Amino acid sequence: MLPRLVIHNTISLDGSTTGFTANLDVHYGILGSYEPDAMIVGSNTAKKGTQFFCEKIPPEEEADFKKPEILPEDTRAYWMIADSRGILEGMMHVFRRSEYCKDVIVLVSEKTPEPYLNYLRERNYDFIQTGAERVDVRQALEIANEKYGFKLVVSDSGGVLNSILLEQGLVEEISLVLTPEIVGKNGTNLFRGIEKGGIQLELVRNEIVEKKYVHLVYRVLKA
């Protein structure tokens with residue numbers, strides 16, 4: 001059984017995720033209002049995101065090798081990071097330390113390097129291994145629902161992962177914060193990875209936020 005999946009992102013007027021400074025208070029304030037059980041993030045987005053947590057990757061400490069104690073009243077979301085190539089080796093403790101993260105669950109594939117899996121095991125990270133070359137996201141979400149009881153997952157990622165989620169028909173809703181800025185030809189389109197278009201949407205909500213931003217919510221219509 002699949003959890004409900006929502007894509008959330010902040011984009012420019014011309015659909016770019018880069019080339020402007022996003023309002024993180026607005027972005028994460030809206031994301032938090034969904035009260036997700038987990039957030040799913042691609043490895044490239046996660047790697048770029050380390051700059052928001054620290055200027056440089058800090059050295060690991062003894063506590064980074066232990067799974068954090070999770071209290072029943074902890075309402076933070078788990079972070080599911082898709083990293084089949086193991087590019088986040090040596091960085092994972094940055095996310096685990098975040099005040100917004102309950103703990104990290106890593107999504108890997110059969111081709112993920114064994115040294116990286118050992119790195120995760122030594123530090124007591126849960127990981128879900130699905131897919132041959134790349135992560136089978138559908139199966140990973142099914143396992144997360146069964147193993148952890150996740151009912152709502154929000155994607156806070158870039159174009160690669162979000163395009164995969166849409167093309168595989170896993171997304172129920174798209175939440176976009178529209179920033180009043182045009183990036184131009186150097187922009188990075190949010191859904192640039194979709195090869196087959198024609199995905200139909202229905203607008204279910206639109207509101208002005210802080211007299212500057214527009215929050216748009218679309219329901220993805222199933223074929």
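All residue numbers refer to position in the chain's written sequence, counted from 1. A pLDDT threshold of at least 70 governs which residues receive local features in this predicted model, and a stricter bar of 80 or more applies before side-chain atom pairs are shown or counted, although totals over entire chains, interfaces and linings include all residues. Excluding hydrogens and water, the side-chain figures rest on all heavy atoms present in the structure.

A. Looking closely at the pairing of strand β9 (residues 213-220). At least two DSSP bridges between two strands are required for those strands to pair. Secondary structure elements are defined from DSSP: runs of H or I of at least 4 residues count as helices, runs of E of at least 2 residues count as strands, and each element is numbered from the N terminus. Taken together, the 6 bridges between strand β7 (residues 173-179) and β9 define a ladder with antiparallel strand orientation. What sits directly across from I174, in β9, is Y218. Connecting strand β8 (residues 201-209) to the antiparallel partner β9 that follows it, the hairpin turn spans 3 residues, and E210 within it adopts a positive phi of roughly 55 degrees.

B. Representation of the nonpolar core in the model. Counting 30 residues, the largest nonpolar core has L88, M92, F95, V104, Y116 and L120 as the members making the most contacts within it. Taken together, the elements giving at least two residues each to this core come down to α1 (24-33), β2 (38-42), β3 (77-82), α3 (92-96), β4 (101-108), α4 (114-122), β6 (152-155) and β9. By definition in these notes, contact holds between two residues if any of their heavy atoms fall within 4.5 Å. What L88 contacts, discounting residues up to four positions off in sequence, is S43, A46, K47, I81, D83, F95, Y116 and Y119. Buried Ala, Val, Leu, Ile, Met, Phe, Trp, Tyr and Cys residues that are joined via side-chain atoms within 4.5 Å together make up what is termed a nonpolar core. Burial classes follow relative accessibility: with a 1.4 Å probe on protein chains only, a residue under 20% of its type's maximum area counts as buried, one over 50% as exposed, and anything between as partly exposed. Residues M80, A82, I128 and L176 belong to the second largest nonpolar core, which totals 28 residues.

C. Spotlight on the pairing of strand β1 (residues 4-12). Counting buried residues along β1, 8 of its 9 residues qualify, which places the element largely inside the surrounding structure. Pairing analysis gives 4 bridges linking β1 to β6, with the strands arranged parallel. If you follow R4 over to β6, its bridge partner there is L152. Relative to β7, β1 runs parallel, the two sharing 7 bridges. Paired with I7 across the strands is I174, a residue of β7.

D. Quick peek at the sheet that holds β6. Sheet architecture is open: 9 strands sit in the order β5-β4-β3-β2-β6-β1-β7-β9-β8, paired in mixed fashion. Looking at strand neighbours, the two that pair on one side only are β5 (126-129) and β8, the edges of this open sheet. Each neighbouring strand pair of the sheet contributes to a mean axis angle of 25 degrees, computed without reference to strand direction. Here 8 bridges tie β8 to β9, and the two strands are oriented antiparallel to one another. Across the sheet, R205 pairs through a bridge with V217, a residue of β9. Only C-alpha atoms enter the line fits that serve as axes; for helices the fit covers just the stretch in contact. Angles between N-to-C directions range over 0 to 180 degrees. Lying on the sheet, helix α5 (residues 137-148) is in contact with β1, β2, β3, β4, β5 and β6; it crosses β5 at an angle near 135 degrees. Relative to β1, helix α6 (residues 159-167) is tilted by about 135 degrees, and along the sheet it contacts β1, β2, β6, β7 and β9.

E. Structural view of the pattern of salt bridges. Throughout this description, the term salt bridge denotes a Lys or Arg side-chain nitrogen within 4 Å of a carboxyl oxygen of Asp or Glu. Applying the stated criterion to the full structure yields 11 salt bridges. As a salt-bridge pair, D126 and K67 come within 3.0 Å of each other at their nearest N and O atoms. Here K67 lies in the loop between α2 (43-53) and β3 and D126 lies in strand β5, a separation of 59 residues in the sequence. Its relative accessible area of 24% is what places D126 among the partly exposed residues. Given the relative accessible area of 39%, K67 is considered partly exposed. When salt bridges that share partners are traced, they join K67, R96, D103 and D126 into one network.

F. Seen up close, unusual backbone geometry. Its identity as a non-glycine residue notwithstanding, E35 has a phi of 50 degrees, on the positive side. Relative to the helices and strands, E35 resides in the loop between α1 and β2. Exposure remark for E35: the relative accessible area of 66% places this residue in the exposed category. For N124, which is not glycine, the phi dihedral falls at a positive 60 degrees. In this structure, N124 sits in the loop between α4 and β5. Overall, the relative accessible area of 39% leaves N124 in the partly exposed class.

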